[in-house]
Amino acid sequence: MRIAIAREDLEGGERRVALIPDMVSRLTKKGWEIYVETGAGTGSFFSDEDYSQAGAQIIGDKGQLWREADLIVKVAPPKDYELEQLHEGAALISFLNPLGQPETAQKLAERKITAFSMELIPRTSRAQSMDALSSQAGVAGYKAVLIAAATLPKFFPMLTTAAGTIRPAKVFVIGAGVAGLQAIATARRLGAVVEAFDIRPAVKEEVQSLGAKFVEVELEEETTAKGGYAKEISEESKQRTQAVIAQHVASADVVITTAQVPGKKAPRLVTEEMVAAMKPGTVVVDMAAEQGGNCAVSEAGKNVQYNGVTVMGPVNLPSSMPVHASEMYSKNIATLLQYLIQEDGSLNLDFGDDIVDETCVTHGGELRNERVKAALGLESVPV
């Protein structure tokens, strides 16, 4: 099997690479053929020479790479012109955003591509080492705190100086998934006093174990969806949640929002009125800005000034730390590859296996995922 590492769109802001040279070296020692598009590692500071020394073959012609590969590995969803070059029966592993942009999955099915979406790796202990959403969310949570600390016109830690004692910054994290927990841990390391909120009561112990105070709201409905993700809640529950959140937002120096629901618009948790009640100089980092935003004031990719409050809407934070983000993603991809590729070089397409079944979005001209079909308004599997 010929496995190809595609170059990402650097101009579009994607600096990560699907497989780093160290991982390529391990895979080529297994006898696998690996091809690398010229410059694929540039954004992550890995040279073509690094890949050559790892045993990969460098391909300068992008079209040739896409046409001749049996399996392409990527980070960002493929562009239309890339899809057009994939031959029938080829395979693709990448983030595909199948619930947010199901049209890409439909095009892959039409071209009879076997596509695996990294967003759909099941959140089970067996698949943990393949869980790219979690690995990249951890990077994003870390970086969100750093940009907040760099923007806040205050220190994060308590300082005792000859000029007096400076009180620590107060950070409020909304959403205690992987990104939120990493944000809590990072803010604590920087010396801030941290509070955190999540609609899932099960995360309380994790929040407290990191030294943060857990803000609770009693809701009379199930708040956890399949895979441990937060579930979309009723309007009544949203109002109760916002009433509690408003109190903590008003007293915070930094608010970091991480709440996202797969395939849905991000829940609106921080209203315009809440931002208006914040002190001048305070900072909001909306990590869900690209999905519509948890904050009513945020704009994806922009920093908005609102009554003296800086509201940041960063996009693709993992790409801003491409070395370690690529290293972690590469481990996820390599583990999945070794799980999928059999000794004879063929793909393991045992759809009785939950990892294969849930991750494989398209195969043999069919859309396989029910949620993707629902997003496209389709009732039958064939396209």
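For the structure, check the block above.
All residue numbers refer to positions counted from 1 along the written sequence of the respective chain. In view of the model being predicted, local features appear only for residues whose pLDDT reaches at least 70, and side-chain atom pairs are presented and counted only at 80 or more, with totals across whole chains, interfaces and linings using the full set of residues. Side-chain numbers come from the whole structure's heavy atoms, not from hydrogens or water.

(A) Fine view of the overall build of the protein chain. Under the scheme used here, helices are H or I runs from DSSP no shorter than 4 residues and strands are E runs no shorter than 2 residues, and both carry numbers assigned from the N terminus. Tallying secondary structure elements over the protein chain gives 13 helices and 17 strands in all. Put simply, the radius of gyration uses C-alpha atoms, and a globule should come to 2.2 Å times the residue count raised to 0.38. By the compact-globule yardstick of 21 Å for 383 residues, the protein chain fits well, its C-alpha radius of gyration being 22 Å. Principal-axis analysis of the C-alpha atoms gives the protein chain an extent of 65 × 50 × 35 Å. Relative to its 383 residues, the protein chain shows a buried fraction of 51%. For this analysis, residues touch if any pair of their heavy atoms sits within 4.5 Å. Relative to all contacts within the protein chain whose residues are 6 or more apart in sequence, the contacts with residues 24 or more apart total 63%. Only the protein chains shown count as cover for residues, and the accessible areas themselves come from Shrake-Rupley with a 1.4 Å probe. Accessible area for the protein chain stands at about 17,100 Å²; split by element, carbon and sulfur atoms hold 48% of it. Only four residue types enter the charge count, namely Lys and Arg as positive and Asp and Glu as negative; His and the chain termini do not. Charged groups are reduced to one reference atom each: NZ for lysine, CZ for arginine, CG for aspartic acid, CD for glutamic acid. Here the protein chain contributes 38 positively and 50 negatively charged side chains, and the mean placements of these two sets differ by 5 Å. Only protein chains enter the accessibility calculation, which uses a 1.4 Å probe. A residue is then buried if its area is under 20% of the maximum for its type, exposed if over 50%, and partly exposed in between.

(B) Broad picture of the pairing of strand β9 (residues 170-174). Across the five residues that make up β9, a large majority, four, are buried. Strand pairing is assigned whenever DSSP identifies at least 2 bridges connecting the two strands. Sheet topology note: the β9/strand β10 (residues 193-197) ladder contains five bridges and is parallel. Across the sheet, Ile174 pairs through a bridge with Phe197, a residue of β10. This β-α-β element, β9 to helix α7 (residues 178-189) to β10, shows right-handed connectivity. Relative to strand β12 (residues 254-257), β9 is paired through four bridges, and the arrangement is parallel. Note on handedness: a clockwise path from strand one over the helix to strand two, with the strands aimed away from the viewer, defines a right-handed crossover.

(C) Summary view of the pattern of salt bridges. Any carboxyl oxygen of Asp or Glu within 4 Å of a side-chain nitrogen of Lys or Arg constitutes a salt bridge here. Scanning all chains against the criterion turns up 18 salt bridges. Between Lys74 and Glu8 there is a salt bridge; the shortest N-O distance is 2.9 Å. On the criterion of sequence distance, the pair formed by Lys74 in the loop between β4 (71-73) and α4 (80-83) and Glu8 in the loop between β1 (2-5) and α1 (21-28) is long-range, its members being 66 residues apart. The exposure class of Lys74 is buried, given its relative accessible area of 2%. Its relative accessible area of 7% is what places Glu8 among the buried residues. We note a salt bridge from Arg200 to Asp198, for which the minimum N-O separation is 2.8 Å. Take Arg200 and Asp198: they sit in the same class, and that class is buried. Salt bridges linked by common partners bring Glu37, Lys62 and Glu82 together as one network.

(D) Here's a closer look at the sheet that holds β9. Reading across the sheet, the seven strands line up as β11-β10-β9-β12-β13-β15-β14 and stay open at both edges, with mixed pairing between neighbours. Only two strands of the sheet have a single neighbouring strand rather than two, namely β11 (213-215) and β14 (303-306). When strand polarity is set aside, the average angle formed by the axes of neighbouring strands in this sheet is 20°. Helix α6 (residues 132-151) contacts β12, β13 (283-286) and β15 (309-312) of the sheet and is inclined by roughly 155° relative to β13. To define axes, lines are fitted to C-alpha atoms, for helices over the stretch in contact only, and angles between the resulting N-to-C directions are given on a 0 to 180 degree scale.

(E) Just the packing of aromatic side chains, in detail. Here a Phe, Tyr or Trp ring, Trp counted by its six-membered ring, pairs with any other such ring whose centre lies within 6.5 Å, and the pair is stacked when the planes are under 30 degrees apart, edge-to-face when over 60, and tilted otherwise. One pass over the full model with this rule turns up one aromatic pair. Whether a charge sits over a ring comes down to the Lys NZ or Arg CZ being within 6 Å of the ring centre and within 35 degrees of the ring normal. A cation sits over an aromatic face here: Arg368 above Phe351, 3.7 Å from the ring centre.

(F) Seen up close, the environment of Pro21. With respect to the secondary-structure elements, Pro21 resides in helix α1. Once the C-alpha coordinates of Pro21 and Lys170 are considered, the two residues, 149 residues apart in sequence, prove to be 41 Å apart. Excluding anything up to four places from it in sequence, Pro21 contacts Phe46, Asp50, Tyr51 and Ala54.

(G) Spotlight on the layout of surface pockets. Residues are called lining when one of their atoms sits within 4 Å of a cavity or pocket point, these points coming from a 1 Å grid over the protein atoms alone, where a cavity is a set in which a 1.4 Å probe fits but cannot get out and a pocket is an open set with protein on both sides within 12 Å along at least five of seven lines. Grid points are joined across faces, edges and corners, and a volume is the space filled by probe spheres set on the points. As a volume, the second largest pocket reaches approximately 180 Å³. Forming the boundary of the second largest pocket are Lys154, Phe155, Ile166, Arg167, Pro168, Ala169, Lys170, Val193, Ser251, Asp253 and Lys279. Put simply, Ala, Val, Leu, Ile, Met, Phe, Trp, Tyr, Cys and Pro go in the nonpolar bin, Asp, Glu, Lys and Arg in the charged bin, and everything else, Gly too, in the polar bin. Looking at the lining of the second largest pocket residue by residue, the class counts come to five nonpolar, one polar and five charged.

(H) Structural detail: the pairing of β12. Alternating positions in β12 separate into two faces, Val254 and Ile256 on one and Val255 and Thr257 on the other, with burial throughout. As defined by bridge partners, β12 adjoins β13 across four bridges and the pair is classed as parallel. In the sheet register, Ile256 faces β13, and the bridge partner there is Val285.

(I) Representation of the sheet that holds strand β3 (residues 57-59) within the structure. The mixed open sheet is built from eight strands, whose spatial order is β3-β2-β1-β4-β5-β6-β16-β17. Of all strands in the sheet, those bounded by a partner on one side alone are β3 and β17 (366-367). Direction of pairing for strand β6 (residues 114-117) relative to strand β16 (residues 360-363): antiparallel, over a ladder of two bridges. By the bridge assignment for β16, Ala115 is matched with Thr362. Packing of helix α11 (residues 322-340) onto the sheet brings it into contact with β4, β5 (91-94) and β6, and relative to β5 it is tilted by some 145°.

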